[in-house]
Amino acid sequence: MEGKVSFLPATASAYAGEMNWLFAGLIATSVFILLLVFGLMIVFCVRYRKGSGADRGDRMKKTWRVEVAWTAATFVLFMGLYAWGANLYIELHRPPLDATDIHVVGKQWMWKVEHPGGQKEIDALHVPVGRPVRLVLSSEDVIHDFAIPAFRIRQDAVPGRYETLWFTPTEVGDYRLFCAEFCGTDHARMGGTVTVMEPGDFQRWLDEQGSTESLAQEGAALFRQFGCSGCHGAASTVHAPPLEGLFGRPVPLASGETAMADDRYIRDSILMPRAQVAAGYPPIMPSFAGQIGEDELLKIVAYIKSLGTKERPAR
Amino acid sequence: MTTATFTGKAEQPTRGAQASYLTAEGFTLRSWLLTKDHKRIAILYTISITLFFFVGGAAATLIRFNLVTPPGLFQPDTYNRLFTMHGIVMVWFFLIPSIPTTMGNFLIPLMIGAKDLAFPRLNLLSWYLFVIAGVLGLVAIFAGGVDTGWTFYTPFSTMYSNGYVVLALAAVFVSGFSSILTGLNFIVSIHRLRAPGLTWYRLPVFCWSNYATALILVLATPILAITLALVAVERLLKVGIFDPALGGDPLLFQHLFWFYSHPAVYIMILPGFGVISEIVPCFARKPLFGYKFVVWSSIAIAGIGFFVWAHHMFVAGISLYAGLVFSLLSYIIAVPSAIKVFNWTATLHKGWISFDAPMLYALGFIGLFTIGGLTGLFVANLAFDVHATDTYFVVAHFHYIMVGGMVSAYFGGLHYWWPKITGRLYPEWWARIAAILIFFGFNLTFFPQFILGYLGMQRRYASYPPEFQIWNVLSSAGASILAVGYALPLFYLGWSLWRGKKAGPNPWAATGLEWRTPSPPPPHNFDVTPTVTRPPYQYRPDPEPQDV
C-alpha cells in the first residue's frame, strides 16, 4: 500500500500466486499474437508499399487452407486458456471444510464485519495468516462487491441472499479492500483495509476487542426474542422441524426435492418459509421478511449453525 | 429491379443531370426536415450524432479532469452523474447509431444499386424518434442528471437513486424504436432491392456487416425496451420485480439487461468491421483475402453474440456451471473476430499499399482492435475476470474496442466516403496528422488503465488511493491529446465543404457501385440501374477503376 509506482498488485494469498501464473500465460499468448499480427502488418506495409520493387507474383491460390489452419489453431489456443481459467474458478467455488466463517454485511457506504466470536469491525477485516477464511456476504440495500486485489478475488454482495468467498492469506501485511459494484454517492469511499496477522497476534487482537458474547450466543437471544423457540424449541407442542443437527445435512422437501441446509437455505427459510417446506411438516411458519435486519439474521443463522453439531432429539 | 421508393414524385425524371441530392430538393430547412432521401437523412443523423459525440466527449473530459488528483475535484454526486451521462450518451446516442445511421443510410442503397432504402418514410421517422429520444436524454441531464451508470443496475436504480432515472429510461426506450426501424429498413432493402446480378456473394462486406448488425438491432432491442419499462414500473409503482425487499430478483435485471447489452457491443463493432473491409482492399489494391470467411464470421458473431451475456456476471452470484458455460462461449466468439484480423493482415500481403488517411485509420483500427480483442481473452477468462471485472482493466478493454476500434472505423469511413458524400476532397495532410494524433493519444489514455485495473483501481470511483495517481495522470494527459485529435476533423472537414477540391466520382479508383455515380450523387442515385457482373474488390495495382 506504499506510495511508490507499482506495476503489479501485491500477492498475498495462495490463490493469488496461482493467478500470477495465469496472468503470465495470458500475457505471453497476447504478446505472441500481437508480435505476429503487428510484425506481419509492418513487414507487409514496408515491403509492399506502393512503388516498391518487391515481387508480387505467385499469389496464394487455395486460401481456404490458410483459413482453416488459423481458425483451428486459434480455437485450440483459446480452449487451453479457457480450461486454465475455469480450473481456478472451480477452486474458488470449493472452500475447505475447516475454513472459519466471517460474516460481512454491506450497506451504503460501509462494510460491517462480524467474527464468529462476536467481534465486530467496520471497513476493516483482520485475519490470521495461513488459515482458510470463508466470507459470507450479504447486503442491506443495493448490490455491493467485496474486492481484495492482493488476493485476486471479489464477490458481489447481493441483497436478499448470501454469497460466499474464500481465501487463505500467505503474507502478513495490510491490503486494500474496495467496494467494486457501483452503489451510489460514496461508492469510492466504501473500502478499507484487510490486515493479515500472525496467528498469535490475531488471537491477541480478538481478545482485545472486548466481545462478551459469540455470534451464536447473540443469535440464541434473538431466537427467543423473535419467538422462534416457541415452535422450534424442545418444549414446543407445535409440529415444527427440530433444528438440532440440521446444519450441513440434506433436507427432504415437501416438493420431493432435497435441499442442502447451508447458510442460504436457513436464511431463505426464515424470510421465505413457503419456498422450500421440509417434508412431513405443515407450511405454517410465518415469514420474517422485513422484521429482521441482515445483522440479526446472520446471528440467528450462526446460532442454528451451532446447533448443527448437537444430537437430534427424538420427538 | 423494383423501385426503391413508393412516392409518386420519385418516378419523375431528375431535373437535369447535374442536380445532386444536396441541391435538388432546394436549400430550405423544410426541404431537409421533410426529406425522404436516404442520403439527406444520413446527413441529418451525422449532424445529430456529432453533437452527441461532443456532449459525451465533454463528460469524458471532465471525468479525466476529476481523476488527475486522488481526492477528485468534483463532489462524488457530480462525478457519478458525469460518468452516467458519458455512458448513456456515448452508447445509445453515438456508438449504436454511429455507422449504420450515417454511412449505412447513405451507402447501402448506393452499394446495392437502389434508388433509396425500402421504407423511406420509416427512415425519416427513425430519425425523428432519435431526436425525441435525444431531447429526453438532454432534459434528464440538464434537469439534474442521473447517477445509476449506463447499466441501471437494480435495486439501486429502482429504489435508491435520486436522479432523473425514469426520464433517462424513456430516452433510451424511445431511441430503441429508432434502432429497430433502421434495422428493419436495412434487412428488407438488402433482401429486396439489390441490383440485377448483385448476388449475396457479390455484396460488399459493408452491406453484410450492416445486415448482421440489423439482425441484432431487430432481435435484441425489444428486450432492452421491456427491461427498461420494468425498471420504470418498479420505480414508479413499487411493484416488486427486481428489488428483493419487494420479492423481486436483482439478478433477473442483469440477465435481461446483458441479453440486450452484450449483443449491443456487436451492434457497435460489426459496422466497423464492414468499413475496414472496404478500406483495406482499396488502399492495398488487392481483393479482400477470404471474403466468405469475413462475411460468415460477421454472421457467426451476430448469432453467438446472443449466448454470451452472463460473462458480465461471473461474480454477480450466478452458479459455477453457468460461469463455465458462458466463459466457454465467450472464448468461442473470439475466434471469428480473430479470423477477421488475420484476413485483413493477409490482404496486405503482396499488395500495392498507399497510406492515405482512411488507410491510416484502418491500420490503427486493426492494431487497437487486436489489443482490445486480446484483452477480451483476459476478461472472458473466469479466474482472471474475478479479479478484473469492474476495474479499469475492463474499462480499458471496452474502450479499445469501442473507441480505438469503432470510433477509428467511423473516422476512417468518414474520410473514405467524404468525397462521395460532399463532392469535395478533405485536406490530406491534416487528416493524416489527426489520424496519428488519435492513435497515440488513444494509447496514452487507455493503456495505463490496464495497469490501473490490474493493480486494483475500481471503476466508477470519484476518488482513489494515492498510489494510483501516476497512471491516472498519464491517462488524463493522453485524453487531452485525444481531444485535440477528435476536434481537428471538425475544422478541416468543415473547411473542405467550401474550399476542398472537387472530388469527381471516384477519387480512390475504388470498385463498388457507390463510386459509379457522380459525387455528390443525384437524388435517385443512378440514372440507369446498374448491372453487376463480378465479385467485389477486383482491385488491380493500376489506378484505373475497374468495371463492375
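Every value quoted in this text rests on a predicted model; they were computed, and no experiment measured them.

K.L.:
Is there a simple way to think about the UniProt feature "domain: Cytochrome oxidase subunit II copper A binding" (unreviewed entry) in chain A in this case?
P.N.:
Here, the residues flagged by UniProt with the feature "domain: Cytochrome oxidase subunit II copper A binding" (unreviewed entry) are residues 97-208 of chain A. What you have in residues 97-208 of chain A is 9% helix and 51% strand, and the ends, taken at the C-alpha atoms, are 28 Å apart.

K.L.:
I'm lost on the UniProt feature "transmembrane region" (unreviewed entry) in chain A in this one. Help?
P.N.:
All names here are of chain A. The feature "transmembrane region" (unreviewed entry), as annotated in UniProt, sits at residues 20-46 and 67-85 in this numbering. Between the C-alpha atoms that bound residues 20-46 the distance is 38 Å, and the span itself is 100% helix and 0% strand. The annotated region residues 67-85 carries 100% helix and 0% strand content, and the separation between its end C-alpha atoms amounts to 27 Å.

K.L.:
Looking at this structure, I do not really get a nonpolar patch on the surface. What am I missing?
P.N.:
There is a patch of nonpolar side chains on the surface, built from V5, F7 and L8 of chain A together with I470 and L474 of chain B and spanning about 460 Å² of accessible area. When you line up the elements, L474 of chain B lands in helix α17 (residues 469-499). The partly exposed category is assigned to L474 of chain B, whose relative accessible area is 33%.

K.L.:
Help me understand the packing of helix α3 (residues 38-66) of chain B against helix α5 (residues 98-111) of chain B, please; the structure alone is not making it clear to me.
P.N.:
How two helices sit against one another is set out by the angle between their axes and by the gap between those axes. Residue and element names in this part refer to chain B. For the pair α3 and α5, the least separation of the axes is 8 Å and the interaxial angle reads 165°. In terms of their interaxial angle, α3 and α5 are classed as roughly antiparallel. Considering the relative orientation of α3 and α5, their crossing is left-handed. Taking contact as the criterion, the partners of H38, K39, I41, A42, Y45, T46 and I49 in α3 are, on α5, S98, T101, T102, N105, F106, P109 and L110. When grouped by side-chain class, the residues that make up the contact of α3 with α5 number seven nonpolar, six polar and one charged.

K.L.:
Which parts of the structure should I look at to understand the state of the cysteines?
P.N.:
For the coordinates displayed, the defined rule picks out zero disulfides over all chains. Its sulfur unpaired, C179 of chain A is 3.9 Å from the next cysteine sulfur, which belongs to C183 of chain A. Between C207 of chain B, a cysteine without a disulfide, and C282 of chain B, which holds the nearest cysteine sulfur, the sulfur-to-sulfur distance is 16 Å.

K.L.:
Would you mind showing me how to read unusual backbone geometry here?
P.N.:
The general pattern is negative phi for most residues beyond glycine and trans for most peptide bonds. Along the chain, Q108 of chain A connects to W109 of chain A via a cis peptide bond; the corresponding omega equals -5°. Assignment of secondary structure puts W109 of chain A in the loop between β1 (100-107) and β2 (110-114). A cis amide bond links T154 of chain B to the next residue, P155 of chain B, at an omega of 0°. Within the secondary structure, P155 of chain B sits in the loop between α6 (120-143) and α7 (156-160).

K.L.:
Is there a simple way to think about the pairing of strand β9 (residues 173-179) of chain A in this case?
P.N.:
In summary, the side chains of a regular strand alternate between the two faces of the sheet. All names here are of chain A. Counting buried positions over the seven residues of β9 gives five, a clear majority of the element. Both strand β6 (residues 144-148) and β9 contribute to a ladder of two bridges, which runs antiparallel. Of the residues in β9, the one forming a bridge with F146 is C179.

K.L.:
Would you mind going over the packing of aromatic side chains with me for this structure?
P.N.:
Here the distance between the centres and the angle between the planes together describe a pair of aromatic rings. For the coordinates displayed, the defined rule picks out 76 aromatic pairs over all chains. Ring geometry for F439 of chain B against F440 of chain B: centres 5.4 Å apart, planes inclined by 90°, an arrangement best described as edge-to-face. The ring of Y162 of chain A carries R267 of chain A above its face, with NZ or CZ at 5.1 Å from the centroid. Note that R432 of chain B overlies the ring of W429 of chain B, its terminal NZ or CZ placed 4.8 Å from the centroid.

K.L.:
How do you make sense of the sheet that holds β1 of chain A when you look at a structure like this?
P.N.:
Within a sheet, neighbouring strands are paired by backbone hydrogen bonds and run either parallel or antiparallel to one another. All names here are of chain A. Spatially, the five strands line up as an open sheet ordered β3-β2-β1-β5-β8, and their pairing is mixed. Of all strands in the sheet, those bounded by a partner on one side alone are β3 (120-122) and β8 (163-167). Within this sheet the neighbouring strands show an average axis-to-axis angle of 25°, counted without direction. When β1 meets β2, the two strands line up antiparallel, connected through five bridges. By the bridge assignment for β2, V104 is matched with V113.

K.L.:
Whenever I open this one, the UniProt feature "domain: Cytochrome oxidase subunit I profile" (unreviewed entry) in chain B confuses me. Can you help?
P.N.:
When the UniProt feature table is mapped onto this chain numbering, "domain: Cytochrome oxidase subunit I profile" (unreviewed entry) sits at residues 32-533 of chain B. Taken end to end, residues 32-533 of chain B has its terminal C-alpha atoms 36 Å apart, with 71% of it in helix and 0% in strand.

K.L.:
When you look at the sheet that holds β6 of chain A in this model, what are you seeing that I'm missing?
P.N.:
Residue and element names in this part refer to chain A. If you walk across this open sheet you meet the five strands as β4-β10-β9-β6-β7, and the pairing is mixed. The sheet is open, and its two edges are formed by β4 (124-128) and β7 (153-157), each paired on a single side. Going across the sheet, the axis of each strand differs from the next one's by a mean of 20°, ignoring polarity. Of the strands in this sheet, β4 and β10 (191-197) are in contact with helix α3 (residues 199-208), which crosses β4 at around 135°.

K.L.:
Honestly, the interface of chain B and chain A in this entry has me stumped. Any pointers?
P.N.:
By convention, interface size is frequently given as the accessible area that disappears when the constituent parts associate. Contacts between chain B and chain A engage 84 residues on the former and 83 residues on the latter. Taken over both partners, the interface formed by chain B and chain A buries close to 7300 Å², and the fraction arising from carbon and sulfur atoms is 70%. Counting every contact that joins chain B to chain A gives one salt bridge. One salt bridge connects R176 of chain A with E467 of chain B, and the closest N-O pair in it is separated by 2.7 Å. Connecting chain B to chain A are 20 residue pairs in polar contact (both at pLDDT 80 or more). Elements with a minimum of two residues in the side of chain B that touches chain A: α4 (76-95), α7, α10 (250-284), α12 (320-348), α13 (357-380), α14 (382-388), α16 (428-455) and α17 of chain B. If one sorts the elements of the side of chain B that touches chain A by residue count, α12 of chain B sits on top with 17 residues. In terms of residue class, the side of chain B that touches chain A is made up of 52 nonpolar, 22 polar and 10 charged.

Thresholds applied
- Residues numbered from 1 in each chain as written.
- Chains lettered and ligands numbered in written order.
- Predicted model: local features only at pLDDT ≥ 70, side-chain atom pairs only at ≥ 80, totals over all residues.
- Heavy atoms only, no water.
- UniProt positions renumbered as here; feature names shortened; annotations may be inferred.
- Helix = DSSP H or I, 4+ residues; strand = E, 2+ residues; numbered from the N terminus.
- Patch = residues over 30% accessible without salt bridge, like charges linked within 9 Å, V, L, I, M, F, W, Y side chains within 5 Å.
- Areas by Shrake-Rupley, 256 points an atom, 1.4 Å probe, with all protein chains shown as cover.
- Salt bridge = Lys/Arg side-chain N within 4 Å of Asp/Glu carboxyl O.
- Buried < 20%, exposed > 50% of the residue type's maximum accessible area, 1.4 Å probe, protein only.
- Axes fitted to C-alpha atoms, helices over the stretch in contact; angles between N-to-C directions.
- Parallel < 35°, antiparallel > 145°, perpendicular 65-115°, else oblique.
- Left-handed = near helix turned anticlockwise from the far one by under 90°.
- Contact = heavy atoms within 4.5 Å.
- Nonpolar A, V, L, I, M, F, W, Y, C, P; charged D, E, K, R; others polar.
- Disulfide = S-S within 2.5 Å.
- Pairing = 2+ DSSP bridges.
- Phe/Tyr/Trp six-rings, centres within 6.5 Å; stacked < 30°, edge-to-face > 60°.
- Lys NZ or Arg CZ within 6 Å of the ring centre and 35° of its normal.
- Buried area = accessible area lost by both parts, 1.4 Å probe.
- Polar contact = N/O pair within 3.5 Å; in protein donor to acceptor, adjacent residues only side chain to side chain.

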